[in-house]
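For reference, the chains in residue letters:
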Amino acid sequence: MAPDKFKGSLTAAEVASRISAGIGVPTVELPVADGGDGTVDAAVAAGFGRITVEVTGPTGERVPASYAWQPTGTAVIELAEASGLRRLPGGHEPLTATSYGTGELIADAVRRGAKRVVLGLGGSACTDGGAGMAQALGARLLDAGDHDLPRGGAALKDLARIDLSGFLDVSGVEFVVASDVDNPLLGPHGAAAVYGPQKGATPGDVEVLESALARLAAVATATHGLMGAVEHDGTPRAMGVAGAPGAGAAGGVGFAALAFLHAEIRPGIDYLLDLLGFGDMVRDARLVITGEGSLDAQSLRGKAPVGVAQAAARAGVPVVAVCGRRTLGDAELKAAGIEAAYALTDLEPDPERCMAEAGPLLERLAARLAAELGLARDDVR
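Fair warning: this is a prediction, and the values are worked out from it, not measured in the lab.

**Student:** Lay out the overall build of the protein chain with the relevant residues and their values.
**Tutor:** Counting its secondary structure elements, the protein chain contains 14 helices and 13 strands. Its C-alpha atoms give the protein chain a radius of gyration of 22 Å, near enough to 21 Å, the size a compact globule of 381 residues would have. Dimensions of the protein chain, computed from C-alpha atoms along their principal axes, come out at roughly 75 × 45 × 35 Å. The proportion of buried residues among the 381 residues of the protein chain is 54%. Of the contacts made within the protein chain by residues no fewer than 6 positions apart, 69% connect residues no fewer than 24 positions apart. Summed over all atoms, the accessible surface of the protein chain reaches about 15,600 Å², with 50% contributed by carbon and sulfur.

See below:
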């Protein structure tokens, strides 16, 4: 059982448990995630410990946030825990939301002795280019008068200098960004243009944020030797790191991870499956059941079920999926390595009831799956 969450209904662990209860044969449960919401929960379900600390939420309030910890020195940090949309009690704050709390989680893990930090980027509330994360790690973002900038993306328009003299020593730490987002920081496919509106940004806000992020990239390039600063029509535009695939992830936190933490960006689900030990667990399986809330076109762009299917295919194990609803046809599913898909809407056409009664419906769906596939108790180990 290697499902992702059913967003708004069940965690990945709850999905795996419900499938196991309904299928009626021995199973191994391995909830998964692709770097977004639920990544910490998936790591904890795979045996990591959970550490909870109080950090700064996206609008400055103090919130409890968790990360997963392995005593060998690996920390799995999910940006959504500290800086996610779900942390906005009063609605979107596109111009002022900060990633500061994510930096506090990283600092806690580094001080605890982390040798590797896996940063899952997804579900962010901020479009600050990771400036808040850098500030929490000791960077000073200064205006022309050498005053510290307030937090949030819009403030970056006044950035004149970045002082890293007090930056936390991370020289012995490997940073990996687990993300399938390939957007650059700037431009029509960048963090502000693509993701800003999803966080409540108006067209005017998007212009402000785009200009502010360009300023961040240009100053970082000029003061810290990042590659590719150019002048065009009198406007500084930083290419290089800012133009790297993934720099625009999580409102530009990907950029800060690349620029200040020298992180490596890896495909989210592939990396996390390796981290969770999927390859060892699938070796003796005869069937893998994966899934997520909605199997749709987005699923084909590196989401968890397709990543699970590809990993299982390498082990020669067939895969079926369960979901809340699906819009993909059989041919698309087979091309992605999924033999069949079973949706809650097959049992209950009302989407609201599917959301409200997802657990019992999923057990019934798993029982139907088992019957249709002819599974018997000795068929699955």
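**Student:** How would you sum up the sheet that holds strand 1 (residues 49-56)? Please name residues and give values.
**Tutor:** Within the open sheet, the 6 strands sit side by side as 1-2-3-4-7-10. Their pairing is mixed. Where the open sheet ends on each side, the last strands, each with one partner, are strand 1 and strand 10 (264-266). Neighbour-to-neighbour, the strand axes of the sheet open up by a mean angle of 30°, direction not taken into account. Pairing between strand 4 (residues 116-120) and strand 7 (residues 174-178): 5 bridges, direction parallel. By the bridge assignment, Val-117 is partnered in strand 7 with Phe-175. Each of strand 1, strand 2 (62-70), strand 3 (74-78), strand 4 and strand 7 touches helix 4 (residues 100-111); the most contacted strand, strand 1, lies at about 135° to it.

**Student:** Tell me about the layout of surface pockets, and please be specific about residues and values.
**Tutor:** Estimated volume of the largest pocket: approximately 1,200 Å³. For the largest pocket, the lining is made up of 34 residues, of which Asp-34, Gly-123, Val-181, Gln-298 and Lys-303 are closest to its centre. Here the lining of the largest pocket is composed, by residue class, of 7 nonpolar, 15 polar and 12 charged.

**Student:** Which residues make up unusual backbone geometry, and what are the values?
**Tutor:** The phi angle at Ala-250 is positive, at roughly 55°, despite the residue not being glycine. If you trace the backbone, Ala-250 turns up in helix 8 (residues 249-261). Of note, His-262 is a non-glycine position whose phi angle comes to about 55°, a positive value. Secondary-structure assignment places His-262 in the loop between helix 8 and strand 10. A residue is classified by how much of its surface remains accessible, and His-262, at 65% relative accessible area, is exposed.

**Student:** Help me get a handle on the pairing of strand 11 (residues 288-295), residues and values and all.
**Tutor:** The buried fraction of strand 11 is high, at 7 of 8 residues. Once the chain exits strand 11 it traverses helix 11 (residues 304-314) before rejoining the sheet at strand 12 (residues 319-326), and the crossover so formed is right-handed.

**Student:** An account of the side chain of Thr-98 is requested, with residue identities and associated values reported.
**Tutor:** Summarising the element assignment, Thr-98 is placed in the loop between helix 3 (79-83) and helix 4. For Thr-98, a relative accessible area of 2% corresponds to the buried category. Those residues in contact with Thr-98 that sit more than four places away from it in its chain are Gly-57, Pro-58, Ser-83, Cys-126, Asp-128, Gly-132, Arg-151 and Gly-152.

**Student:** Can you tell me about the pattern of salt bridges, naming the residues and giving the values?
**Tutor:** Counting across every chain of the model gives 16 salt bridges. Ionic pairing is found between Asp-280 and Arg-283, a salt bridge with its closest N-O pair at 3.2 Å. Judged by relative accessible area, Asp-280 falls into the exposed class, the value being 55%. A salt bridge links Arg-353 to Glu-357; its shortest N-O distance comes to 3.3 Å. Take Arg-353: its relative accessible area is 39%, and that puts it in the partly exposed class. Judged by relative accessible area, Glu-357 falls into the partly exposed class, the value being 32%. Through salt bridges with shared partners, a single network forms among Glu-54, Arg-62 and Glu-104.

**Student:** Tell me about helix 14 (residues 358-373), and name the residues and values.
**Tutor:** The first and last C-alpha atoms of helix 14 sit 22 Å apart over 16 residues, in line with the 22 Å expected at 1.5 Å per residue. Of all the residues in helix 14, the buried ones are Ala-358, Gly-359, Leu-361, Leu-362, Leu-365, Ala-366, Leu-369 and Ala-370. A positive phi of about 65° marks Gly-374, the residue just after helix 14.

**Student:** Would you mind going over the sheet that holds strand 12 in detail, with residue names and values included?
**Tutor:** Read across the open sheet, the 3 strands follow the order 11-12-13; overall the sheet is parallel. Each edge of the open sheet is held by one strand with a lone partner, namely strand 11 and strand 13 (340-343). Sheet twist, expressed as the average angle between the axes of neighbouring strands with direction ignored, equals 25°. Here 4 bridges tie strand 12 to strand 13, and the two strands are oriented parallel to one another. Paired with Val-320 across the strands is Ala-340, a residue of strand 13. Together, strand 11 and strand 12 form the strand contacts of helix 11, whose direction differs from that of strand 11 by roughly 160°.

**Student:** Just give me the short version of the packing of helix 9 (residues 268-276) against helix 11, but keep the residues and values in it.
**Tutor:** Interhelical geometry of helix 9 versus helix 11 gives an angle of 55° and a closest axis separation of 9 Å. The angle between the axes of helix 9 and helix 11 places the two elements in the oblique class. The way helix 9 lies across helix 11 gives a crossing that is right-handed. Counting all contacts with helix 9, which are made through Ile-269, Asp-270 and Leu-273, the residues of helix 11 involved are Ala-304, Gly-307, Val-308 and Ala-311. Of the residues assigned to the contact of helix 9 with helix 11, the class counts are 5 nonpolar, 1 polar and 1 charged.

Scoring rules and cut-offs
- Residues numbered from 1 in each chain as written.
- Predicted model: local features only at pLDDT ≥ 70, side-chain atom pairs only at ≥ 80, totals over all residues.
- Heavy atoms only, no water.
- Helix = DSSP H or I, 4+ residues; strand = E, 2+ residues; numbered from the N terminus.
- Rg over C-alpha atoms; globule rule 2.2 N^0.38 Å.
- Buried < 20%, exposed > 50% of the residue type's maximum accessible area, 1.4 Å probe, protein only.
- Contact = heavy atoms within 4.5 Å.
- Areas by Shrake-Rupley, 256 points an atom, 1.4 Å probe, with all protein chains shown as cover.
- Pairing = 2+ DSSP bridges.
- Axes fitted to C-alpha atoms, helices over the stretch in contact; angles between N-to-C directions.
- 1 Å grid on protein atoms, 1.4 Å probe; cavity = no way out; pocket = protein on both sides within 12 Å on 5 of 7 lines; lining within 4 Å.
- Points joined across faces, edges and corners; volume = space filled by probe spheres on them.
- Nonpolar A, V, L, I, M, F, W, Y, C, P; charged D, E, K, R; others polar.
- Right-handed = clockwise from strand over helix to strand, strands pointing away.
- Salt bridge = Lys/Arg side-chain N within 4 Å of Asp/Glu carboxyl O.
- Expected span 1.5 Å × (residues − 1).
- Parallel < 35°, antiparallel > 145°, perpendicular 65-115°, else oblique.
- Left-handed = near helix turned anticlockwise from the far one by under 90°.

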